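# Working through the structure, step by step
Residues per chain are reported as follows:
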Amino acid sequence: MKKTTLRVLTLILLAATLTACNLKKETENSQQATQNEAITIRVAQVHEQAVSQLFEYTAVVRAEAINNIAPTAPPGRIDKIFVEVGDFVDAGQKLVQMDAVQLRQAQTQLDYLKENFNRLDELYKVGGVSKADWDNLKTQLDVAQNTYNYLSENTQLMSPISGVVTMRNYDSGDIYTGNPILQIQQIRPVKLLINVSESQYNDIKKGMEAKIRIDILGNEEITGRVSLIYPTLDARTHTFPVEITIPNANAKVRPGMYARAMFNLGNRNNVVVPDNAIVKQPGSGDRYVFVLNDDNTVSYVKVVLGRRLDANYEVLSGLNSGDKVAVTSLTKLKDGTSVQVVE
């Protein structure tokens, strides 16, 4: 009886073991079949087309020139400031009158020496004084004249440029202590300084037209021209500075405004890819696409993108005209995944 029971239990255990093994094998086969099952995708064939080579750069508007108005003579009292911040001034316009005490003293000395020299010069012409005496007084007169000129320039301060007053640090009657009294900025014209990629070095020419948009002025488009191309490149960024001048006849554009400059460097035939084929690599700025291979697998290919063109992107490198790229099921794909293409 015991032996019979033992045999039955052994048979039951064996049957259970076989069943478990069969279930495991079926599960593994099912999983393998699932893994081998091709993913259904749709593809788009990329092609070349003429793409306008538009390059946009951002910059902050700068004044054409900036002058700080201050005397170079020793500190003194400011008698009168004739302009306020925001005033437009012309080149040569009187801006500040400094205390003129030293200038008047220099004028008196200069007048005295001129009279003496004129008398001495008449005597010298008839041999009444020596050449040494004449030379000595002439030297004194020249020194006095230079002193007067120097003090005159530092007593009446003129604007060296036409522009707008952008800073005033003193009031009339203040003692000048060293900081500029005024600042004048020339804003007709203004300029932009942009950093252009090394790849455009041979395309940017002096005198080339650039279309400018000032953020605060909305969609208004202004024409500027390249006025200066720096001869050297930054070894770190591989860019070179380019200066663009904007005439700004109406003075609407002011220093400090945010601007965008665009160059049109003509057309170039480049591959264009749908934007829904682009995969962004997490944690980086790299972009990829899945390219369909002849064996119905896909390859994960890095691409370098150019301009966005409506629902497409210009591709600068990574694809050839005629390549087919996946546009659906991108999250399910990996490099080498088997796929089934549907219309």
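Above this text is the structure in question.
Keep in mind that this is a model prediction, so the values were computed, not measured.

## Describing the overall build of the protein
Secondary structure summary: the protein contains three helices and 20 strands in total. Residues classed as buried in the protein amount to 32% of the 343 residues present. Relative to all contacts within the protein whose residues are 6 or more apart in sequence, the contacts with residues 24 or more apart total 71%. As displayed, the protein offers around 20900 Å² of accessible surface, 50% of which is attributable to carbon and sulfur atoms.

## Brief notes about the sheet that holds strand S5 (residues 78-81)
The antiparallel open sheet is built from three strands, whose spatial order is S5-S7-S8. Two strands lie at the open edges of the sheet, namely S5 and strand S8 (156-158), each paired on one side alone. Mean inter-strand twist for the sheet, computed between neighbouring axes without regard to direction, equals 20 degrees. Sheet analysis places S5 next to strand S7 (residues 94-98), joined by three bridges and oriented antiparallel. Looking at the pairing, Ile78 lines up with Met98 of S7. Where helix H3 (residues 131-155) meets the sheet, its contacts fall on S7 and S8, and the angle it forms with S8 comes to roughly 65 degrees.

## Quick word on the side chain of Thr297
By secondary structure assignment, the location of Thr297 is in the loop between strand S16 (287-292) and strand S17 (298-309). Here the side chain of Thr297 touches Asp295 through a polar contact of 2.6 Å, side chain to side chain. Excluding its chain neighbours within four sequence positions, the residues that come into contact with Thr297 are Val291, Leu292, Gly336, Thr337, Ser338 and Val339.

## Description of helix H2 (residues 101-125)
Compared with an ideal rise of 1.5 Å per residue, which puts 25 residues at 36 Å, H2 spans 36 Å between its outermost C-alpha atoms and is within 8% of the ideal. Within H2 the residues assigned to the buried category are Leu103, Ala106, Leu110, Leu113, Asn116, Phe117, Leu120 and Asp121. For H2, the secondary structure elements touched by its buried residues are H3. One or two positions beyond H2, positive phi appears at Gly127, with a value near 85 degrees.

## A closer look at the pattern of salt bridges
Side chains bearing opposite charge may pair, as long as their charged atoms lie close to each other. Counting across every chain of the model gives 16 salt bridges. The shortest N-O distance in the salt bridge between Glu56 and Arg260 comes to 3.9 Å. Taken as a pair, Glu56 in strand S3 (residues 47-60) and Arg260 in strand S14 (residues 258-274) lie far apart in primary sequence, 204 residues in all. Taking the relative accessible area as the measure of exposure, Arg260 reaches 30% and is therefore partly exposed. Overlapping salt bridges bring together Glu56, Asp215 and Arg260 as one network.

## A word on unusual backbone geometry
A cis amide bond links Arg188 with the next residue in sequence, Pro189, at an omega value of 10 degrees. Of note, Pro189 is situated in strand S10 (residues 182-197). In the Ramachandran plot, Ala251 falls in the positive-phi region, its phi being about 60 degrees despite a non-glycine side chain. Here Ala251 lies in the loop between strand S13 (239-246) and S14. Phi is positive for Ser329, which is not a glycine, with a value near 55 degrees.

## Here's the deal with the pairing of strand S11 (residues 209-214)
Burial of S11 is one-sided: the residues Ala210, Ile212 and Ile214 facing one way are buried, the residues Glu209, Lys211 and Arg213 facing the other way are not. Pairing of S11 with strand S12 (residues 221-229) involves five bridges; the strand directions are antiparallel. Paired with Ala210 across the bridge in S12 is Gly224. In this structure, the hairpin formed by S11 and S12 is closed by a connection of six residues, where Gly218 is found at a positive phi of approximately 70 degrees. The pairing of S11 with S14 spans four bridges and is classified as antiparallel. Within S14, the position partnered with Lys211 by the bridge is Met262.

## Considering the environment of Val289
Along the chain, Val289 falls in strand S16. On the basis of relative accessibility, which here comes to 0%, the residue Val289 falls in the buried class. Apart from residues no more than four positions distant in its own chain, Val289 is found in contact with Ala277, Ile278, Ser299, Tyr300, Val301, Val303, Leu319 and Val325.

What counts and how
- Residues numbered from 1 in each chain as written.
- Predicted model: local features only at pLDDT ≥ 70, side-chain atom pairs only at ≥ 80, totals over all residues.
- Heavy atoms only, no water.
- Helix = DSSP H or I, 4+ residues; strand = E, 2+ residues; numbered from the N terminus.
- Buried < 20%, exposed > 50% of the residue type's maximum accessible area, 1.4 Å probe, protein only.
- Contact = heavy atoms within 4.5 Å.
- Areas by Shrake-Rupley, 256 points an atom, 1.4 Å probe, with all protein chains shown as cover.
- Pairing = 2+ DSSP bridges.
- Axes fitted to C-alpha atoms, helices over the stretch in contact; angles between N-to-C directions.
- Polar contact = N/O pair within 3.5 Å; in protein donor to acceptor, adjacent residues only side chain to side chain.
- Expected span 1.5 Å × (residues − 1).
- Salt bridge = Lys/Arg side-chain N within 4 Å of Asp/Glu carboxyl O.

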